Amino acid sequence: GNRCCKYVIEFLNSDEGKKLSNEDAMTFFKCIKTGIDNPDSGLGCYAMTPEDYSKFGGFFDKVIRDYHGDETGEKKHITDWDVSGDVNYDVTELGQDELSMRVRVGRNLVGFNLPGKMDKEERIQFEMRMLPAFEQLIEKYGGKVHSLTPDFGDKGVNPNLISEEEYKKLVDAHV
């Protein structure tokens, strides 16, 4: 089974799990539904909002530690976004082939729900919020945005919508 199935019963039988309100229990079920439906998946659970990591901490903490091979919780991830020094992200200058980068709505920006709780309008807003950053990357490094969002609703046509042909080509190339 997946990590969700591995820890869900233990969590629900814990004091923390037993104290869940009906509303929180329903939210927790939404977080674990994919793992129950797909026991062969690797992880099987996804927070709906950033607060879920705290609200269901006894569950998500064990899943995340297991995923990262950190039984003790001593490992710490440090993110350093400082690019003020001599930084070169042009991989071709490092002798590597060009890369393809996929940006999925798998992480969160402040003010947005996580993917499982986003509706179509919020996904459109999320994508539109990211486009200026992508434009800066394209200006500096080249490339192109291939969007799967059919349209931007009342905000108009999506100029970055990938064609079926382009999509199939990228899938076939495992990009």
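Residues numbered from 1 in each chain as written. Predicted model: local features only at pLDDT ≥ 70, side-chain atom pairs only at ≥ 80, totals over all residues. Heavy atoms only, no water.

> Explain the overall build of the chain to me, please; I cannot follow it from the model alone.
A tally of regular secondary structure across the chain gives seven helices and zero strands. Among the 175 residues that make up the chain, the fraction classed as buried is 24%. Of the contacts formed within the chain by residues at least 6 apart in sequence, a portion of 46% connects residues at least 24 apart. On the chain, roughly 13,200 Å² of surface is accessible, and the fraction owed to carbon and sulfur atoms is 52%. (Helix = DSSP H or I, 4+ residues; strand = E, 2+ residues; numbered from the N terminus. Buried < 20%, exposed > 50% of the residue type's maximum accessible area, 1.4 Å probe, protein only. Contact = heavy atoms within 4.5 Å. Areas by Shrake-Rupley, 256 points an atom, 1.4 Å probe, with all protein chains shown as cover.)

> What exactly am I supposed to notice about the nonpolar core here?
Of all hydrophobic cores here, the largest spans 16 residues; its most connected members are Phe11, Phe28, Ile32, Cys45, Phe56, Phe59 and Phe60. Those elements that provide at least two residues to this core are α1 (3-13), α3 (22-37) and α5 (57-67). Counting residues per element, this core draws most heavily on α1, which supplies four residues. Residues in contact with phenylalanine 56, not counting those within four places in the same chain, are Phe11, Glu16, Leu20, Asp24, Thr27, Phe28 and Cys31. (Core = buried A, V, L, I, M, F, W, Y, C linked by side-chain atoms within 4.5 Å.)

> Would you mind going over the packing of α1 against α3 with me for this structure?
Packed helices, taken two at a time, are described by the angle between their axes plus the distance between the axes. For the pair α1 and α3, interaxial distance at closest approach is 10 Å and the crossing angle is 150°. The angle between α1 and α3 places the two elements in the roughly antiparallel class. In this structure, α1 meets α3 at a crossing whose hand is left-handed. For the pair α1 and α3, the contacting residues are Cys4, Cys5, Val8, Phe11 and Leu12 in the first and Phe28, Ile32 and Gly35 in the second. A breakdown of the residues in the contact of α1 with α3 according to their chemical character gives seven nonpolar, one polar and no charged. (Axes fitted to C-alpha atoms, helices over the stretch in contact; angles between N-to-C directions. Parallel < 35°, antiparallel > 145°, perpendicular 65-115°, else oblique. Left-handed = near helix turned anticlockwise from the far one by under 90°. Nonpolar A, V, L, I, M, F, W, Y, C, P; charged D, E, K, R; others polar.)

> Explain the packing of aromatic side chains here, please?
Aromatic ring pairs: the centre-centre distance and the angle between the two ring planes describe each pair. Enumeration over the complete set of coordinates arrives at seven aromatic pairs. Ring geometry for phenylalanine 28 against phenylalanine 56: centres 5.2 Å apart, planes inclined by 55°, an arrangement best described as tilted. Separated by 28 residues along the polypeptide, phenylalanine 28 in helix α3 and phenylalanine 56 in the loop between α4 (52-55) and α5 bring together distant segments of the chain. By relative accessible area, which is 2% here, phenylalanine 28 ends up buried. (Phe/Tyr/Trp six-rings, centres within 6.5 Å; stacked < 30°, edge-to-face > 60°.)

> Whenever I open this one, a nonpolar patch on the surface confuses me. Can you help?
On the surface, a cluster of nonpolar side chains totalling about 300 Å² of accessible area is made up of Leu148, Tyr167 and Val171. Locating leucine 148 in the fold gives a position in the loop between α6 (120-141) and α7 (164-172). For leucine 148, a relative accessible area of 62% puts it in the exposed group. (Patch = residues over 30% accessible without salt bridge, like charges linked within 9 Å, V, L, I, M, F, W, Y side chains within 5 Å. Salt bridge = Lys/Arg side-chain N within 4 Å of Asp/Glu carboxyl O.)

> Just checking my understanding: could you explain α5 for this structure?
For an α-helix, 3.6 residues make a turn, and residues three or four places apart therefore share a direction. Those residues of α5 lying buried are Gly57, Phe59, Phe60 and Val63. The buried residues of α5 occupy an angular sector of 160° when the element is viewed end-on, so they sit on one face. Along its buried surface, α5 packs onto α1, α2 (15-18), α3 and α4. Remark: glycine 69 follows α5 within two positions and exhibits a positive phi of approximately 65°. (Arc of directions from axis to C-beta.)

Geometry only, nothing functional implied.
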